[in-house]
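Next come the chains, spelled out residue by residue.
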2 protein chains.
Amino acid sequence: MSAFKESIINIAAICARQNVLNFIISPGSRSAPLTLALLRHSALTCRTIVDERSAAFIALGLAQQLGRPVGLVCTSGTATLNYGPAIAEAFYQRIPLLIFTADRPPEWIDQNDGQTIPQREMFGKLCRASFEMPVDDAHPDARWHAERIISQAINASLWPAPGPVHLNVPLREPLYPNAELKYNSDAKIISTVPPRQVLDNHDWDKLMIDWRSSSRRLIVAGMHPPNPKLAEYLRILQSDSNTAVVFDVTSSLYDALALHHSDMIFGTEDETVRRELMPDLLVSFGGPVVSKNLKLFLRKYKPKIHWYLDLAGQCIDTFQSMTHILPVSAEYFFERLVAHSPSLQRSGPGGGLADEAAAYCETWIRQEYRTRKSLEHFLKELPLCEFSAMYSILHHLPKYSHLQLGNSGIVRFASYLGLSETKGVKVNSNRGTSGIDGTLSTAVGAALATSKLTTAIIGDLAFFYDRNALWNSVVPKNLRVVVINNNGGGIFRILDGPGGLPELAQHFEVEHRLTAERTAADHGVSYFHCASVSDLEKQLPKFFGPQERAALLEVQTDKRVNSETFLKFKSIMKEG
Amino acid sequence: MSAFKESIINIAAICARQNVLNFIISPGSRSAPLTLALLRHSALTCRTIVDERSAAFIALGLAQQLGRPVGLVCTSGTATLNYGPAIAEAFYQRIPLLIFTADRPPEWIDQNDGQTIPQREMFGKLCRASFEMPVDDAHPDARWHAERIISQAINASLWPAPGPVHLNVPLREPLYPNAELKYNSDAKIISTVPPRQVLDNHDWDKLMIDWRSSSRRLIVAGMHPPNPKLAEYLRILQSDSNTAVVFDVTSSLYDALALHHSDMIFGTEDETVRRELMPDLLVSFGGPVVSKNLKLFLRKYKPKIHWYLDLAGQCIDTFQSMTHILPVSAEYFFERLVAHSPSLQRSGPGGGLADEAAAYCETWIRQEYRTRKSLEHFLKELPLCEFSAMYSILHHLPKYSHLQLGNSGIVRFASYLGLSETKGVKVNSNRGTSGIDGTLSTAVGAALATSKLTTAIIGDLAFFYDRNALWNSVVPKNLRVVVINNNGGGIFRILDGPGGLPELAQHFEVEHRLTAERTAADHGVSYFHCASVSDLEKQLPKFFGPQERAALLEVQTDKRVNSETFLKFKSIMKEG
């Protein structure tokens, strides 16, 4: 006779065997049986975080870096709803999470007893799948059901697309054990072996007819983890096959030839540039694209053909130009393309077409070069502002370190600046849904997965919104947080539209005079502060150096200077 | 030609005419048209809160006190999901909220564009109703639809039961106006006239047969706002008709005769007391009941008949003994009962039955008196601990002021202590779902609705969890926050079960050494601190006195002293 239901203890045993080894647990009584089963299993690493909103983003950051599902455990009631924002972000960023919500037994729902809300399938379309564990497991079929569900959930969090999966776990009292927990090493496991998805020769040949007859070929890489092989294929396609390859700021596929400045290139008002860069064949892959100007360009100057590579085969027509969904990996697709390149070149665009392709690619490279020059000129001798701060910080980022870009203004500045300076840096950003709500927690989670320096760059509103990220004992010393403080939501001065509103300062920016200093002190984080470019340049090497604990650098900017600088940048960009 | 869609501007005009006058708005670009329409309407009061989780609980506190719907406005994406916890609490506490979530047009869902998630009906069963505004309103039928929806939403937030209602508002660009907003005073309004729900004489007479033949009659009042008439009917029923009336700690229906100590009475191990107090007829009304011991008692010692009064007629069988749902108001029901009392007494329990009724009611009063004495004795000369702190604070609460009781340990201590000391104090507590997640924000919202002193008593975990409640410019000077700091989740030492776990301190209590001082300083809140009973007694009068700004009192307790005191209390309670 064990302490709890066998099916609850089995969750720990099955997760351990299926390589789901990390759990972020929030304290609670209803969840105690599952919490204890996980805590006491020697193969599992459990971390305790009180605020469930933060806990879920920490799990997301951890899973984002590990590429394996991370488990979340919370008690019943509103605790569960605090997971909502991170679940949405995980869904769109395709990050595997296993969300265990403890629940009262179903007969107690809506009976005015504490911490009881309808939890079955509560996350709706934001989960890849939703399951409910049987409340009683005395019958052998119920035990089969309980064990099967854990496998189903793990499998569904990874294939056909990674994402969050919800397991609701109704639990009866007693909630605390009166005996030792015994893990069952025979618990049943069902594994999905993910298939390799390839294209038939017949279909491939048809695609290649279009490839060969297109002379203005553009590849757009959205959010993507580092992948040296893939980066090499793309380099070859640009250098040998005259195919322009544009990298979004969140695409960690660096290469010397890469085109990083689409956001600035298409900020120009010169329609000639747009017409010159209009593709006839577009291939896109990866996650969302930050560059708004690139999106607006492609939506207006539509390619004739647009292939979207997505293993999950979803219809995500970001550029409103999609003609084919290719449910294969980018690595497979571009490897095959490169393998065919010699023949493509032989039988491909010859004569006029080949010249056109070379000219098109050359135009892209020329525009990239021109933009980079104009940006470098603009950045010279700027006063301390968001732009110059971002530039300095990106410039000083240690090579091969990890970067978490905050949403709103931060990621836009990075997109304008491009990340060509930061070779080898792994970039992540919560661009699945682009909320500011959990960026700091995500960085904490990401830092936990690596010994590499992990730097979060975020705005002041995002910092205070998510300051509970630091309210725990897990914040690691390889975490660096840069808060660019402009005393409010500076984004509203950058956007076209709200700039002149009388309501701007109070109801959009939400002006404040807070600094992060006391929060850092409360949570044992080293605090750096700077208010000039030279100060910033002086502090950055020390800030990025080894530290005994996590460190926070607050860069105090002036919103008037920020907005003047941005106007200047915009006029430079518009001139093209 | 107006600046935006007419149907968006009409939302402000219709709300103003329908007495929905308060809005809590979180900044965002997609929501800008609605935000501006509301901000610019002279009849509406709009407050801006950045953290949507906090914003929603502030709206909940405000609506809880006003008894009118309060509007929430946020931008699209994960911002909306941060409303989840407060929506659940509002649903179960039956508080009217109108939740406006800005959205992208439906064709942009799942297209990897920023801040876009499936928002239609996203709050599922946690809303009384869900609507989506038409994205285009050029057709007259679409305008009729748009106007009708606003009325439907307001009506559904109030009847048949108050609660949250979701309005998803897809908006196309431009999002900022290029002309003055013109409010349409002719926008169509449809009002629901809530019916008076009464019982037919035929049914009433049948109920009265049971009433008259029952000699052990018990009334249980759950969470309920103050209502002097209702309190008087209940007093009469107890004094003239020998019906015991038990008040939950969250029931603001004070009376000198009231029985406040059920939680302590049923903490006894003496089964005789339970048998003596077992009712044969139970009438219950109001919201959830805090007293766990009362719930356990009634679930075991079930009455033969249990009438549950609920205007919405829901099947909420908290005591597992319900026999009749009476969809009428408590005021109506008890007024009618009192009016019939003379005839009830004449034709009612005569002879033996009348004597039994008197004896039953007398037993309750005797137990109440005995418990109160034993509690007073216990409270004498306690060191500073959660129990003595709660007692002192409740004792010093200004008469007729407002109280917000935190969840977890706080509300349990209040339930053991009873609120007989605090006559005229209006009590609220987030007992709809009993989460700790938004208690401070709820108090901020509640304080905004009144000039009366509003005191929140919360634990340290609840304080840090929800500290963003203070991150805004609206925190009023009539707010008092008492943080009883026991350096972690003290509840786990009170519960039966977790006390002896090796995982207790790290994974359940989540020990920490934080104080609220720096947070108070960051947000311009006066800070009081005390660490002894005499210190506390000295500070309370000043703390509750007039202040130029909101004030926070941190009571530092020692968890060992807390747990020793609680063990002592439990042994006293068990002895009975």
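On a predicted model such as this, the values are computed, not experimentally measured, just so you know. (Residues numbered from 1 in each chain as written. Chains lettered and ligands numbered in written order. Predicted model: local features only at pLDDT ≥ 70, side-chain atom pairs only at ≥ 80, totals over all residues. Heavy atoms only, no water.)

A. Expanded view of the relation of the copies chain B and chain A. Between the two copies, chain B and chain A, the superposition gives an RMSD of 0.0 Å; the rotation angle is 180 degrees and the shift along the axis is 0.0 Å. Such a combination of rotation and displacement between the chain copies is what one expects of a two-fold axis. Relative to the rotation axis, the closest C-alpha in chain B is found at Arg518(B), a distance of 2.9 Å. (Least-squares fit on C-alpha atoms with pLDDT ≥ 70 in both.)

B. Region of the structure containing the sheet that holds strand β6 (residues 164-170) of chain A. All names here are of chain A. With parallel pairing, the 6 strands of this open sheet are ordered in space as β2-β1-β3-β4-β6-β5. Pairing within the sheet leaves two strands with one partner each, and these edge strands are β2 (45-48) and β5 (129-132). Taking the axes of each pair of neighbouring strands and ignoring which way they run, one obtains an average angle of 20 degrees across the sheet. In this structure, strand β1 (residues 22-25) lies alongside β2, joined through 4 bridges in parallel fashion. Note on β2: the bridge partner recorded for Phe23 is Cys46. Contacting β1, β2, β3 (70-74) and β4 (97-103), helix α3 (residues 52-66) runs over the sheet at an angle of about 170 degrees to β3. Relative to β5, helix α6 (residues 140-156) is tilted by about 165 degrees, and along the sheet it contacts β4, β5 and β6. (Pairing = 2+ DSSP bridges. Helix = DSSP H or I, 4+ residues; strand = E, 2+ residues; numbered from the N terminus. Axes fitted to C-alpha atoms, helices over the stretch in contact; angles between N-to-C directions. Contact = heavy atoms within 4.5 Å.)

C. Summary view of the interface of chain B and chain A. Of the residues lining the interface, 77 residues belong to chain B; the matching set on chain A comes to 77 residues. Counting the surface lost from both chain B and chain A, the interface buries some 6,800 Å², and carbon and sulfur atoms represent 55% of this. In this structure, the connection of chain B to chain A is made through 10 salt bridges. For the salt bridge of Asp522(B) with Arg518(A), the shortest nitrogen-to-oxygen distance reads 2.8 Å. Our enumeration of links across chain B and chain A arrives at 43 residue pairs in polar contact (both at pLDDT 80 or more). Tallied by class, residues from the side of chain B that touches chain A come to 34 nonpolar, 25 polar and 18 charged. (Buried area = accessible area lost by both parts, 1.4 Å probe. Salt bridge = Lys/Arg side-chain N within 4 Å of Asp/Glu carboxyl O. Polar contact = N/O pair within 3.5 Å; in protein donor to acceptor, adjacent residues only side chain to side chain. Nonpolar A, V, L, I, M, F, W, Y, C, P; charged D, E, K, R; others polar.)

D. Representation of the sheet that holds strand β11 (residues 324-326) of chain B within the structure. All names here are of chain B. Read across the open sheet, the 5 strands follow the order β8-β7-β9-β10-β11; overall the sheet is parallel. Each edge of the sheet is formed by a strand with only one pairing partner; in this case those strands are β8 (244-247) and β11. Strand-to-strand twist of the sheet, defined as the mean angle between neighbouring strand axes without regard to direction, takes the value 20 degrees. Judged from the 4 bridges that link them, strand β9 (residues 281-285) and strand β10 (residues 305-309) form a sheet pairing that is parallel. Looking across to β10, one finds that Ser284 is bridged to Tyr308. Strands β7 (217-221), β9, β10 and β11 of the sheet are contacted by helix α7 (residues 201-213), whose axis makes an angle of about 130 degrees with β10.

Shape descriptors only; they carry no functional weight alone.
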